[in-house]
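Summary of structural features
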Amino acid sequence: MKVRKIALNGFRNYDLETAEFSSGTNVIYGANAQGKTNLLEAVYILAAGRSFRTRFDRELMGFGNDSCEILADIESHGREQTVRIVMKNGLRKQITVNGVKKTASELSGTLTAVLFCPDDLNLIKEGAAARRRLMDNAISQIRPRYGEYLSQFNKYYENKTRILRDWREKPSLLDTLDEFSDGICRMSSQLIRYRAAFAARLAEEAAPIHAEFSGLGERLDIEYTTVSTVKDPLGSAKEIYYDLCEHQESHRRAELESQQVLCGAHKDDLLISINGQSARSFASQGQTRTAALSVKLAEREIYLDETGEYPILLLDDVLSELDTRRQEFVLNRIGGGQTLITCCEDEGISHRTGGKVLHVDKGRIS
């Protein structure tokens, strides 16, 4: 999978700019705040249908603009395709592939991308939300229905949260509580199945990468965890649904008293350990970075297995955070597909990878 050419119109700090990428490594350099990450963000949107930096399309529009556009020629599944994404204030995002309208979830089957940015270096040490976000972003691109389930879950969750927060002032709100509780259990049963299967694949792929990457033969383990009553997260959606309903019923009073949703897929996490010890609690800074990178490189291998093609790899200013040995490991692992790397200076990366060099300065690409 490759992006051959991209044109940005009114997107972030790009007025009207185009860039052409090589099919291998592309080094994008320039000073801070010039638009390097914005360019990677645009490529990511082509794959995911949304930004990794904001939930709001209006924030993608340049200063003074009420719309923006991303237009790209891509190669996917052996076909040349054109993707166009238009965002306008107050209107739903418009997505077309070869002139045919698509939803964001449908777009995910057209192109896949793995992003690794500085925030991901904290993936191991952050709370569970960061690891759920990892699963959501990855699964949505290879299982389009997952995005639909996640969207429905979020709606049920938001509505139930409002009911629990306000029911004392408006007791009539409790009339609809069971409806939203049931919706959360139904959508959670689907999300849990997908997440458990993905976590198993991630553990399998990440372990050998981490053992080689660490240089010490360290053992990396990844375990999926969810609501305690779920007996088999890899079971059928029906079985998981009944398990969740059991948990929901036993926690109903606790939810009303705490005014919090206590049952659902928002309780999921990935337990990551190194040599049998919790990485979140005991890993050193070097171990944390190695584990985070191993997880991301494993995600890339899963995409390859699923689609038969390497996803586009987006590395946003992460090499500068790594020592020379870890840099070399990453650079030696990125062959076989298209990679976009941003950095403040070229730092000789183009010579080490043989990659194409693009310079970004004040929203201009040369």
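Before reading on, note that the structure itself is shown above.
Let us look at the structure shown here. These figures come from a predicted structure and were not determined experimentally.

Moving on to the overall build of the protein chain. Across its full length, the protein chain holds 11 helices and 15 strands. Expected size for 366 residues packed as a compact globule is a radius of gyration near 21 Å; at 22 Å, the protein chain falls within 12% of this value. Each of the 366 residues in the protein chain was classed as buried or not, and the buried ones make up 51%. Counting only carbon and sulfur atoms, one obtains 46% of the accessible surface of the protein chain, whose full area is about 16700 Å². Charge centroids of the protein chain, computed over 49 positive and 53 negative side chains, lie 3 Å from each other.

Once that is clear, we can look at the sheet that holds strand β4 (residues 67-76). Here six strands make up an open sheet; going across it, the order is β2-β1-β4-β5-β6-β7 and the pairing antiparallel. Looking at which strands have only one partner, the edges of the open sheet turn out to be β2 (14-20) and β7 (100-102). For this sheet, the mean angle separating the axes of adjacent strands, direction not counted, is 15 degrees. Here β4 runs beside strand β5 (residues 79-88); their pairing, made up of 10 bridges, is antiparallel. Looking at β5, one finds that Glu 75 is bridged to Glu 80.

Scanning all chains against the criterion turns up seven aromatic pairs. Relative to Tyr 194, the ring of Tyr 146 lies with its centre 5.6 Å away and its plane at 85 degrees, an arrangement referred to as edge-to-face. Here Tyr 146, found in helix α4 (residues 144-166), pairs with Tyr 194, found in helix α5 (residues 177-214); they are 48 residues apart in sequence, far enough to count as distant. The same class applies to Tyr 146 and to Tyr 194, which are both buried. Seen from their ring centres, Tyr 149 and Tyr 194 are 6.2 Å apart, and the 40 degrees between their planes marks the pair as tilted. Of the two residues, Tyr 149 is situated in helix α4 and Tyr 194 in helix α5; the sequence distance between them amounts to 45 residues. For Tyr 149, a relative accessible area of 12% puts it in the buried group. Just above the ring of Phe 56 sits the side chain of Arg 58; from NZ or CZ to the centre is 4.7 Å.

Attention shifts here to the pairing of strand β10 (residues 269-274). Of all six residues in β10, five are buried; the element is thus mostly enclosed. As paired strands, strand β9 (residues 220-225) and β10 are joined by six bridges and run antiparallel to one another. By the bridge assignment for β10, Tyr 224 is matched with Leu 270. Relative to strand β11 (residues 277-278), β10 is paired through two bridges, and the arrangement is antiparallel. What sits directly across from Ile 274, in β11, is Gln 277.

What follows deals with the side chain of Ser 294. Looking at where Ser 294 falls in the secondary structure, it is placed in helix α9 (residues 285-307). Classification of Ser 294 as buried rests on a relative accessible area of 0%.

Definitions and limits used
Residues numbered from 1 in each chain as written. Predicted model: local features only at pLDDT ≥ 70, side-chain atom pairs only at ≥ 80, totals over all residues. Heavy atoms only, no water. Helix = DSSP H or I, 4+ residues; strand = E, 2+ residues; numbered from the N terminus. Rg over C-alpha atoms; globule rule 2.2 N^0.38 Å. Buried < 20%, exposed > 50% of the residue type's maximum accessible area, 1.4 Å probe, protein only. Areas by Shrake-Rupley, 256 points an atom, 1.4 Å probe, with all protein chains shown as cover. Lys, Arg positive; Asp, Glu negative; His and termini not counted. Charge placed at Lys NZ, Arg CZ, Asp CG, Glu CD. Pairing = 2+ DSSP bridges. Axes fitted to C-alpha atoms, helices over the stretch in contact; angles between N-to-C directions. Phe/Tyr/Trp six-rings, centres within 6.5 Å; stacked < 30°, edge-to-face > 60°. Lys NZ or Arg CZ within 6 Å of the ring centre and 35° of its normal.

Purely spatial values, then, with no claim about function.
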